[in-house]
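Each chain, letter by letter, is given below.
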Amino acid sequence: MNTDNKSAKAEKPETKYPLNLPDTPFPMRGDLAKREPAWVENWTQKKLYHAIRKVAKGRPRWVLHDGPPYANSEIHMGTAMNKVLKDMVVKSKLMAGFDATYVPGWDCHGMPIEIQIEKKFGKGLPTAAVQSKCRAHATEQVDIQRKGFIRLGVLGEWENPYLTMAPRNEADEIRALRKIYDAGYVFRGLKPVNWCFDCGSALAEAEVEYQDKTDIAVDVGFAFREQDKLAKAFGLSKLPHDKGFVVIWTTTPWTLPANQALNLHPEFDYALVETNDAARPLLVLAKDRIAYCMERWGMQGSVIAECKGKALELIAFAHPFYDRLSPVYLGDYVTLDTGTGIVHSSPAYGVEDFLSCRSYGMKDADVLTPVMGDGKYVASLPEFGGLSIWDANPKIVEHMRAKGTLFKDEKFQHSYMHCWRHRTPIIYRATNQWFAGMDVKPKADGASLRETALAAVEATQFFPAWGKPRLHAMIANRPDWTLSRQRQWGVPMAFFVHKETGELHPRTSELLEAVAKRVEQGGIEAWQTLDPAELLGDDAKNYVKNPDTLDVWFDSGTTHETVLRGSHPEQSKFPADMYLEGSDQHRGWFHSSLLTSCMINGRAPYNELLTHGFVVDQNGRKMSKSLGNVVAPQKVCDTLGADILRLWVASTDYSGELTLSDEILKRVADTYRRMRNTLRFLIANTADFDATKDLVAVEKMSEIDRYALALTRQLVRECREAYARYEFHTVTQKIQVFCSEDLGGFYLDVLKDRLYTCGATSHARRSAQSALHHILQALVRLLAPILSFTAEEIWATVNPGKTVDQSSVFFETWDYVVPGDDGDLLATWKSLRDVRAAVTKAIETVREQGAVGSSLQAKVVVEAPKEIAAQLRRLGEELKFVFITSTAEVKEGAELKVHVAPSTAQKCERCWHYRDDVGSNAEHPSICGRCVSNLYATGEARAFA
RNA sequence: CGUCGAUUAGCUCAGAGGCAGAGCAUCCGCUUGAUAAGCGGAAGGUCCUUGGAUCGUUCCCAAGAUCGACGACCA
């Protein structure tokens with residue numbers, strides 16, 4: 001800014017004639033960071049959420065059931081975005097005319113909290129102490145998170161949320177366990193499950209992720225022991241050498257001490273190879289792998305016989321370093337992609353290994369399980385007892401080298417299963433666990449859980465649609481659900497197990513209910529202190545309490561029982577209308593909830609599933625709890641404001657990744673300013689307008705006003721449709737274009753003349769204000785689910801003197817009627833705007849030559865084809881207002897042409913039009929006849945613009 | 001490794017077998033009666049690449065590249 005400008009402004013002569021200028025206390029700048037907390041306080045004090053419930057009473061209920069965030073650590077951008085999305089869905093359903101409720105919840109049990117407590121107080125605390133510390137920690141975390149969510153403008157039952165650790169919910173969860181037990185889905189068995197040494201527990205499918213890991217890959221020989229059988233299988237009378245090996249390849253040498261079999265594919269061709277290595281004169285390999293293996297081991301060899309894999313079935317070979325035999329079992333899963341075409345089998349440490357050994361009749365008691373829960377071999381294991389399996393790997397390799405059974409060892413990088421919490425490698429480990437069976441058919445003629453769940457997936461509506469095949473595939477392929485965990489901070493699997501037989505107590509069902517009653521009073525702690533004799537009497541001496549807890553996914557997976565039908569039935573319903581979570585919840589909450597509900601109800605607990613992607617930073621990296629690269633939503637609230645964060649969520653297509661950067665936030669803030677300022681214009685120009693008295697009936701409005709209303713109706717229609725599809729980014733895009741193009745770039749610009757210069761209470765001005773009033777009413781309602789704070793601020797400005805319990809934008813709905821009929825208005829004015837664009841462009845050309853400044857300085861002659869000319873002439877004298885020029889003349893011509901010339905008339909001091917009649921009234925020499933009339937007489941009539 | 005999706009202006013994204021679009025950002029101008037605002041204009045493109053079908057393709061088909069999601073990677 002230079003000083004000349006400033007002085008010029010200061011010296012600018014003000015007209016003494018009054019104008020109707022905009023006037024409002026609604027500030028142009030949002031100052032959201034400062035102002036929003038006051039609204040939060042206001043909403044809390046006035047109990048806005050419950051006031052809305054009263055207003056919405058009697059409408060159809062619509063329930064979004066909250067997927068509980070884990071009660072650990074501050075909220076991050078991911079959870080914030082998730083909550084905002086939920087809030088926008090709930091509010092949009094509210095505005096659409098439903099009684100849309102929202103009961104937030106928290107997931108409170110489970111390992112992350114228990115691990116926190118272990119870190120803080122050390123391992124080995126008594127169970128009672130662990131539980132009380134965990135409970136206190138979770139309570140603390142819930143409070144922190146709740147504050148963060150409320151600050152985002154999320155409305156809900158915050159003073160009465162659901163907590164999975166509430167004794168009532170813990171008890172209902174045991175009752176849910178009872179239901180699925182009664183239905184016959186629960187069984188106990190030995191099975192390899194995902195096992196984390198750091199957790200000391202089985203893991204759920206959802207808790208496993210893959211990372212790169214370097215292991216030692218070894219080729220290991222199993223020496224011939226049944227030479228006669230082998231010769232016969234290969235169709236030979238006798239082997240040419242007595243000594244030989246069948247060779248396997250593995251990346252997990254630590255599984256070899258548990259090796260109990262070898263797997264061959266029944267249909268593959270296997271060859272007996274004679275080599276030039278005196279120590280290993282004969283080898284058995286898959287025929288297709290010979291060349292690869294010979295080169296790998298630096299040998300030469302020739303095939304002397306071949307047979308199918310199935311011919312070798314049950315022939316036994318010597319374990320590479322223990323004195324025992326491993327028989328050949330056949331398996332279809334053997335491939336020729338890597339290794340030797342022969343796979344070693346450790347039933348305790350591989351799913352396929354386990355299944356194939358079992359199918360050959362191996363009993364659970366025969367399965368070798370040398371690896372303990374902490375990752376060390378049992379002390380009794382020869383050579384390697386007490387070693388961690390990772391430390392043992394190289395030692396096993398060296399041991400085999402010494403024994404002459406090692407063919408090759410090398411570093412091998414591959415992607416390997418890791419615990420998603422500890423980021424440490426996990427293994428499959430056979431343990432006794434409780435399961436929910438996917439394929440058991442509890443009722444004689446009933447469907448399996450898998451079949452029921454697949455049908456439920458089909459009956460569910462997915463947003464976006466690709467969620468359906470995804471969940472379907474997961475259900476179709478998943479193994480049985482491992483329900484048990486070996487932890488302390490969780491809901492007990494409150495079974496009584498027979499000391500000798502391991503059988504459940506015959507009265508298990510009623511005992512579960514008896515335990516539930518106690519837990520309802522005393523929390524899960526009541527199970528710890530329970531003396532079995534209290535429930536079992538004399539029988540207690542034969543039974544022990546099952547020490548396992550339930551998988552936390554069972555906690556959250558049963559909230560449809562423990563919350564929708566348990567702690568909050570009045571505030572919700574079953575089934576919920578929607579579950580809304582990140583796409584990872586297909587294998588998490590969507591999944592676990594589906595299974596439990598199918599076991600209990602035979603259907604999904606939701607009608608619709610909505611999925612969103614993850615928030616990523618500029619580099620496309622995930623912002624996640626465990627990575628610690630989170631951008632605090634609190635910081636955005638404290639600088640730009642929660643409405644900016646909400647607008648970012650709304651304007652992003654959440655079906656993929658949601659990219660967040662400073663530049664993006666800046667752009668969102670720009671969009672916000674544009675919307676806010678447009679709303680401010682509407683407010684400021686209707687400040688002296690009382691809709692109850694001044695509203696002009698739509699039939700009596702100027703045509704352009706009716707056109708603006710038609711555009712508004714179109715906007716409302718399109719936004720409602722987009723909201724119904726949960727496409728918030730479409731809503732914001734439409735509103736933004738409406739504000740910029742239709743209002744700012746056209747309608748409001750044209751309207752200023754009429755608003756400012758016509759008589760303050762004239763029909764012409766009231767017509768414009770009526771349109772602005774309707775547009776404002778429609779827009780504030782459309783924006784409310786997204787810009788909740790701003791919409792409420794607007795609402796309070798427009799309805800002064802009312803407190804939030806009497807008046808809130810959230811008491812309104814989108815059924816607000818924007819009056820009028822579209823007729824031909826949209827088409828007619830589209831063509832008028834096309835001509836206007838040509839006029840504007842022509843004026844710009846003249847302006848570049850310096851002939852005119854303001855468009856009002858221009859005289860325009862439009863040459864146009866007959867039909868368009870007629871259309872333009874229809875507006876008569878008012879055409880110039882559409883162009884914002886001082887005159888506008890129409891001529892017929894072959895094609896559209898615009899002639900622009902500077903006006904030679906005098907500028908009216910008041911309305912700035914250049915007119916011949918300026919000064920025609922001697923009493924008012926500086927203003928035009930139009931202004932004289934508007935100020936002192938009947939004023940001008942405005943039929944069109 | 002497999003499946004699916006994406007690739008269009010500096011950024012975010014629309015789009016339709018026939019002249020390549022919007023918002024924002026940039027630059028320029030106007031306005032100073034939306035003023036820490038408003039209006040207008042301009043510039044900006046190999047519509048990822050290659051091949052095919054077509055009178056014609058950014059759009060259809062095929063292959064590839066890059067990115068992403070998911071699945072598998074167990075031996």
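Scope of this entry: the structure provided in the associated data block.

Cut-offs applied
Residues numbered from 1 in each chain as written. Chains lettered and ligands numbered in written order. Predicted model: local features only at pLDDT ≥ 70, side-chain atom pairs only at ≥ 80, totals over all residues. Heavy atoms only, no water. Near = heavy atom within 4 Å. Polar contact = N/O pair within 3.5 Å; in protein donor to acceptor, adjacent residues only side chain to side chain. Helix = DSSP H or I, 4+ residues; strand = E, 2+ residues; numbered from the N terminus. Core = buried A, V, L, I, M, F, W, Y, C linked by side-chain atoms within 4.5 Å. Buried < 20%, exposed > 50% of the residue type's maximum accessible area, 1.4 Å probe, protein only. Contact = heavy atoms within 4.5 Å. 1 Å grid on protein atoms, 1.4 Å probe; cavity = no way out; pocket = protein on both sides within 12 Å on 5 of 7 lines; lining within 4 Å. Points joined across faces, edges and corners; volume = space filled by probe spheres on them. Nonpolar A, V, L, I, M, F, W, Y, C, P; charged D, E, K, R; others polar. Pairing = 2+ DSSP bridges. Salt bridge = Lys/Arg side-chain N within 4 Å of Asp/Glu carboxyl O. Axes fitted to C-alpha atoms, helices over the stretch in contact; angles between N-to-C directions. Parallel < 35°, antiparallel > 145°, perpendicular 65-115°, else oblique.

### Description of the protein's contact with RNA strand B
(1) Moving on: Near RNA strand B, the surroundings consist of 53 residues, among which Thr250, Ser415, Arg667, Arg680 and Gln736 are the closest.
(2) Moving on: Backbone sugar and phosphate groups make up 69% of those atoms of RNA strand B lying within 4 Å of the protein.
(3) Moving on: The separation between a base nitrogen of RNA strand B and a polar main-chain atom of Tyr333 is 3.4 Å.
(4) Moving on: Contact distances for RNA strand B include 2.2 Å between a sugar or linking oxygen and a side-chain N or O atom of Arg667.
(5) Moving on: At the level of secondary structure, the elements contributing two or more residues to the surface near RNA strand B comprise β8 (245-250), β15 (342-345), α13 (467-477), α22 (662-684), α25 (728-757) and α28 (825-848).
(6) Moving on: Element by element, the count of residues in the surface near RNA strand B is highest for α25, at ten residues.

### Looking at the nonpolar core
Grouped burial of nonpolar side chains is what soluble globular proteins tend to show.
(1) Moving on: Membership of the largest hydrophobic core comes to 203 residues, with the highest contact counts inside it found for Leu594, Trp648, Ile735, Tyr747, Leu779 and Phe810.
(2) Moving on: Ignoring sequence-local partners within four residues, the contact set of Leu594 consists of Ala453, Ala456, Val457, Leu471, Ile475, Trp589, Ala604, Pro605 and Tyr606.
(3) Moving on: Leu230, Ala286, Leu330 and Ala392 belong to the second largest nonpolar core, which has 60 residues in total.

### Things to note about the side chain of Gln433
(1) Moving on: Summarising the element assignment, Gln433 is placed in strand β17 (residues 427-436).
(2) Moving on: On the basis of relative accessibility, which here comes to 1%, the residue Gln433 falls in the buried class.
(3) Moving on: A polar atom in the side chain of Gln433 sits 2.5 Å from the side chain of Ser484.

### Quick look at the side chain of Thr508
(1) Moving on: Assignment of secondary structure puts Thr508 in helix α14 (residues 508-522).
(2) Moving on: Thr508 sits in the buried class, given a relative accessible area of 2%.

### Concerning empty space enclosed by the protein
(1) Moving on: Applying the stated criterion across every chain yields a total of four cavities of 30 Å³ or more.
(2) Moving on: The calculated volume of the largest cavity comes to roughly 90 Å³.
(3) Moving on: Lining the largest cavity we find Gly110, Met111, Pro112, Glu207, Arg421, Arg485, Arg487, Trp489, Thr549, Leu550, Asp551 and Val552.
(4) Moving on: Elements represented by at least two residues in the lining of the largest cavity include exactly α5 (111-121) and β23 (549-550).
(5) Moving on: Of the residues belonging to the lining of the largest cavity, the class tally is five nonpolar, two polar and five charged.
(6) Moving on: Lining the second largest cavity, in full, are Tyr49, Ile52, Arg53, Val90, Lys91, Leu94, Ala100 and Leu155.
(7) Moving on: Taken together, the elements giving at least two residues each to the lining of the second largest cavity come down to α3 (48-56) and α4 (77-95).
(8) Moving on: Considered class by class, the residues forming the lining of the second largest cavity number six nonpolar, no polar and two charged.

### Examining the sheet that holds strand β6 (residues 201-202)
(1) Moving on: Here we have four strands laid out as an open sheet, ordered β6-β5-β17-β19, and antiparallel in their pairing. Strands with a single pairing partner mark the edges of an open sheet, and in this sheet they are β6 and β19 (481-482).

### As for the pattern of salt bridges
(1) Moving on: Enumeration over the complete set of coordinates arrives at 65 salt bridges.
(2) Moving on: In this structure, the salt-bridge partner of Glu170 is Arg135, at a minimum N-O distance of 3.0 Å. Of this pair, Glu170 sits in helix α7 (residues 167-182) while Arg135 sits in helix α6 (residues 127-151), and the two are 35 residues apart along the sequence. Here Glu170 matches Arg135 in class, with each residue buried.

### Some thoughts on the environment of Ala217
(1) Moving on: Mapped onto the secondary structure, Ala217 falls in strand β7 (residues 208-223).
(2) Moving on: Here Ala217 falls in the buried class, since its relative accessible area comes to 0%.
(3) Moving on: Setting aside chain neighbours within four positions, we find Ala217 in contact with Trp249, Thr250, Thr251, Lys408, Asp409, Glu410 and Phe412.

### Examining the sheet that holds strand β30 (residues 897-902)
(1) Moving on: Ordered by their spatial adjacency, three strands build an open sheet running β29-β28-β30, and the pairing between neighbours is mixed. At either end of the open sheet lies a strand with only one pairing partner, and these are β29 (887-892) and β30. Across the sheet, the axes of successive neighbouring strands diverge by a mean angle of 20 degrees, strand direction being ignored.
(2) Moving on: Two strands pair when backbone bridges link them, and strand β28 (residues 858-864) and β30 are joined in this way by six bridges, in the antiparallel orientation. Looking at β30, one finds that Val860 is bridged to Val900.
(3) Moving on: The sheet contacts of α28 involve β28 and β30, and relative to β30 the element is tilted by about 45 degrees.
(4) Moving on: Packing of helix α29 (residues 866-874) onto the sheet brings it into contact with β28 and β29, and relative to β29 it is tilted by some 150 degrees.

### With respect to the pairing of strand β1 (residues 61-65)
(1) Moving on: Taking burial as the measure, the five residues of β1 include four buried ones, the bulk of the element.
(2) Moving on: Relative to strand β2 (residues 99-101), β1 runs parallel, the two sharing three bridges. Bridge pairing in β2 places Trp62 opposite Ala100.
(3) Moving on: The sheet contact formed by β1 and strand β24 (residues 576-582) spans two bridges and is parallel. Bridged to Leu64 within β24 is Met578.

### Some points on the environment of Thr938
(1) Moving on: Mapped onto the elements, Thr938 comes out in the segment after α31 (929-936).
(2) Moving on: Between the C-alpha atoms of Thr938 and Phe495, which are 443 residues apart in sequence, the distance is 90 Å.

### Details of the packing of α4 against helix α21 (residues 642-651)
(1) Moving on: It is at 10 Å that the axes of α4 and α21 come closest, and there the two elements cross at 80 degrees. Considered as vectors, α4 and α21 are oriented roughly perpendicular to each other. On α21, the residues that touch Met77, Met81, Val84, Leu85, Asp87, Met88 and Lys91 of α4 are Leu645, Arg646, Trp648, Val649 and Ala650.
(2) Moving on: By residue class, the composition of the contact of α4 with α21 is nine nonpolar, no polar and three charged.

### Looking at the environment of Cys637
(1) Moving on: Residue placement: Cys637 occurs in helix α20 (residues 633-639).
(2) Moving on: Expressed as a C-alpha distance, the spacing of Cys637 and Leu32, which sit 605 residues apart in the sequence, is 8.0 Å.
(3) Moving on: Apart from residues no more than four positions distant in its own chain, Cys637 is found in contact with Ala33, Arg151, Leu152 and Ala642.

### Notes on the layout of surface pockets
(1) Moving on: Estimates place the volume of the second largest pocket at around 980 Å³.
(2) Moving on: If you trace the second largest pocket, you find 31 residues lining it, with Thr251, Thr252, Val343, Glu352 and Asp353 closest to the centre.
(3) Moving on: Of all the secondary-structure elements, those providing two or more residues to the lining of the second largest pocket are β8, β15, α10 (351-359), β16 (406-419) and β17.
(4) Moving on: The greatest single-element share of the lining of the second largest pocket, amounting to five residues, is contributed by β16.
(5) Moving on: Here the residues of the lining of the second largest pocket are counted per class, giving 14 nonpolar, 15 polar and two charged.

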